[in-house]
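Architecture and fold: a report
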Amino acid sequence: MSDEDEEELILSELSDEELVPQMHDDLYDGLKEEVEEGVYILLERGWEPYAVLTNALVEGMRIVGIDFRDGILFVPEVLLAANAMKTGMAILKPLLAETGAPRMGKMVIGTVKGDIHDIGKNLVSMMMEGAGFEVVDLGINNPVENYLEAIENEKPDILGMSALLTTTMPYMKVVIDRLVELGLRDDFVVLVGGAPLNEDFSKAIGADAYCRDAAVAVETAKEFMARKHNVLSAG
Amino acid sequence: MLEDDGELSGADGQDVRAKFDALLGSRGWILADGATGTNLFALGMGAGDSPELLNVQQPEMVRAVYRNAIAGGADLILTNSFGGNRARLKLHAVAGRTRELCQISAQLAHETASEFGNGTIVAGSMGPTGELMEPMGVLTPDVAVDIFLEQAEGLKAGGADVAWIETISDIRELDCAAQACFRAGLPYCATLSFDTAGRTMMGVAPGDLANWAADATWPPLAIGANCGAGAADLIRTILEFPKLKIGMHLIAKANAGIPKWEKGAIHYDGSPDLMADYAELALRSGAKIIGGCCGTTFRHIQRMRARLETFKGGATPMLEEIVGKLGQFSADIGPDPKDRNRRQRRRRP
């Protein structure tokens, strides 16, 4: 299609069946205002906030995640998509709190001490929120004390740690060792990620899983939560 | 070997260019050093500590890394200043010491090189700021240039022959660092980390780097790849450049395999023999400046040197040979943007 004969797309004139996939496309293209508008339209049409979240935003980000994983999208595009998602989330958040919508689980996440890199961590944070998790983001450069404090206060289901540098990745082991010492290690799932990491490394330092990218992090987190629920219902 | 003239280089890079040409003219390759960070770990640096602070706190440790690299056979060493920019040093509450820490990293390198008196080239390492450029992040080009300028000036004041911009993923950040080097009067080389299916995490392909270098207002002396995934991936990336006819020297600086946690420390699984194979494959792939990145010790450098010195020539390697000698690729090369099945915003039917 050429730009010239492109018609203006009026979101409010689309049926629900057309609007939702359109919102997926708009999320994919990182179109913040369009996503925001779509969320308002669906709410006005009487959609439950939780349905808007799952059918429009979470599903849209799932598609973004697949193309990110497959090397079709890269960090800039995914960040723009996640920012668009966040705009939609900001509208839904207070409504979700009111309606007592189900939560996937809670994650505390942070980049380890000495490491300023938070691009990947922010992506995980946003994609996890996009998947319906509650995320407490500790930011960058976190000594073990920060993690311990957040664990105490937040009682997360998942602890996420990120490191981009060879010089900072060993610090993940420092944190995990401390958790073991304090007898806290088995209270939650520990997921680690970052460019220099790999599966063997995560196993060796005592994490539960290595997540290659934000899409994998979301899938892994969901799996662990499902297992936890199974264990709980079996017990 | 060249004489160590002890002079600082001009912005045109005449001095360092002459050194490059002399080495390349006589034997066709320059051996760069191995890792800095992982070698500092081996000497006792703590996890999460600032490597750059060691320049003043434990200069002997930093000298030892330099000395090992030169003794191992490196013609060119990188300074311990990778994270020596104020955006990163603020984490350690020493942003105000950026210039000083960079200057000292270069001074220590210069002094150590002088001990050997063999004209070792001192390259001032400049890593990424760790911040995202607009519109994804808040870093503007002006601020980025300013951050890198402080680092480049410090490196130049400390006697670096050339700046070595490395492990960059965003081409715009590279452009800012290049501009800063120019303003500091320091010639530079530039390598990106192609760690995601043949591209940088920001989606930059080897061809994008080559195009950028060809059009750059302040062109680099050499470009190439460093870090990323394992050595096999890096050679596959290097193979892309000769097709692009880049018209400048090509750099390969691969990690010594992939990191593993063994006996309480990080250990990269690539042996010195594997890195010797890597060095030969890099040369046969068109790289002229060859070194290691994370996990590469002086033992690796020694073997790489020996292999390059006895190299008798060979054809451009096929992917099978690369995998056979260096191990599997971490991922397949992603689709070309032109062929990508990118989704488009739909319009009303």
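Residues numbered from 1 in each chain as written. Chains lettered and ligands numbered in written order. Predicted model: local features only at pLDDT ≥ 70, side-chain atom pairs only at ≥ 80, totals over all residues. Heavy atoms only, no water.

What to know about the overall build of chain A
Along chain A, the regular secondary structure elements total 9 helices and 5 strands. Of the regular secondary structure in chain A, the N- to C-terminal order runs α-α-α-α-β-α-β-α-β-α-β-α-β-α. Over its C-alpha trace chain A gives a radius of gyration of 19 Å, about what one expects of a compact globule, namely 18 Å for 235 residues. Counting only C-alpha atoms, chain A reaches 60 × 40 × 25 Å along its principal axes. Burial status across chain A gives 56% buried among its 235 residues. (Helix = DSSP H or I, 4+ residues; strand = E, 2+ residues; numbered from the N terminus. Rg over C-alpha atoms; globule rule 2.2 N^0.38 Å. Buried < 20%, exposed > 50% of the residue type's maximum accessible area, 1.4 Å probe, protein only.)

Remarks on the confidence of the model for chain B
Averaged over all residues, the pLDDT of chain B is 92; the fraction at 70 or higher stands at 93%. Both scores are given for the predicted complex: the pTM is 0.88, the ipTM 0.79. (pLDDT = per-residue confidence, 0-100.)

Observations concerning the packing of helix H12 (residues 272-284) of chain B against helix H13 (residues 298-309) of chain B
All names here are of chain B. As a packed pair, H12 and H13 sit with axes 8 Å apart at the nearest point and diverge in direction by 45 degrees. Taken together, the axis directions place H12 and H13 in an arrangement best described as oblique. As for the relative orientation of H12 and H13, their crossing is right-handed in sense. For the pair H12 and H13, the contacting residues are Pro272, Asp273, Met275, Ala276, Asp277, Tyr278, Ala279, Glu280 and Leu283 in the first and Arg299, His300, Arg303, Met304, Arg307 and Leu308 in the second. Looking at the contact of H12 with H13 residue by residue, the class counts come to 8 nonpolar, 1 polar and 6 charged. (Axes fitted to C-alpha atoms, helices over the stretch in contact; angles between N-to-C directions. Parallel < 35°, antiparallel > 145°, perpendicular 65-115°, else oblique. Left-handed = near helix turned anticlockwise from the far one by under 90°. Contact = heavy atoms within 4.5 Å. Nonpolar A, V, L, I, M, F, W, Y, C, P; charged D, E, K, R; others polar.)

A look at the sheet that holds strand S7 (residues 249-254) of chain B
Within a beta sheet, neighbouring strands are joined by backbone hydrogen bonds and run either parallel or antiparallel to one another. All names here are of chain B. Strand order in the open sheet formed by 8 strands is S1-S10-S7-S6-S5-S4-S3-S2, and the pairing between neighbours is parallel. The strands lining the two open edges of the sheet, one partner per strand, are strand S1 (30-31) and strand S2 (76-78). For strand S6 (residues 222-227) and S7, the ladder comprises 6 bridges, and the chain directions are parallel. In the sheet register, Ala225 faces S7, and the bridge partner there is Ala252. Against the sheet, H12 makes contact with S7 and strand S10 (289-292), and its axis sits at roughly 155 degrees relative to S10, the strand it touches most. (Pairing = 2+ DSSP bridges.)

Brief notes about the sheet that holds strand S3 (residues 158-162) of chain A
Residues and elements named next belong to chain A. Pairing is parallel across the open sheet formed by 5 strands, whose spatial order is S2-S1-S3-S4-S5. Looking at which strands have only one partner, the edges of the open sheet turn out to be strand S2 (134-137) and strand S5 (209-210). In the packing of helix H6 (residues 144-154) onto the sheet, the strands contacted are strand S1 (106-111), S2 and S3, and the crossing angle to S1 comes to about 165 degrees.

Looking at helix H1 (residues 16-28) of chain A
Residue and element names in this part refer to chain A. With 13 residues, H1 extends 18 Å between its outermost C-alpha atoms, agreeing within 8% with the 18 Å of an ideal straight helix rising 1.5 Å per residue. Each element contacted by the buried residues of H1 is listed here: helix H2 (32-44), helix H3 (49-69) and helix H4 (75-99). At the exit of H1 stands Gly30, carrying a positive phi of roughly 70 degrees. (Expected span 1.5 Å × (residues − 1).)

Quick look at the pattern of salt bridges
All names here are of chain B. Scanning the model with the defined rule gives 36 salt bridges over all chains in all. A salt bridge links Lys260 to Asp269, with the shortest nitrogen-to-oxygen separation between them at 3.5 Å. Given a relative accessible area of 37%, Asp269 falls into the partly exposed group. Residues joined in a network through salt bridges with shared partners are Asp277, Glu280, Arg284, Arg307, Glu321 and Lys325. (Salt bridge = Lys/Arg side-chain N within 4 Å of Asp/Glu carboxyl O.)

Some points on the interface of chain A and chain B
Listed as interface residues are 51 residues of chain A and, on the opposing side, 42 residues of chain B. Carbon and sulfur atoms supply 62% of the area that chain A and chain B bury against each other, a total of about 4300 Å² over both sides. Put simply, chain A and chain B have 0 salt bridges between them. For the interface between chain A and chain B, the tally reads 3 residue pairs in polar contact (both at pLDDT 80 or more). Within the residue set of the side of chain A that touches chain B, elements represented by two or more residues are H1, H4, helix H7 (171-181) and helix H8 (199-204) of chain A. In terms of residues, the side of chain A that touches chain B owes the most to one element, H1 of chain A, which gives 6 residues. For the side of chain A that touches chain B, the residue count by class is 26 nonpolar, 9 polar and 16 charged. (Buried area = accessible area lost by both parts, 1.4 Å probe. Polar contact = N/O pair within 3.5 Å; in protein donor to acceptor, adjacent residues only side chain to side chain.)

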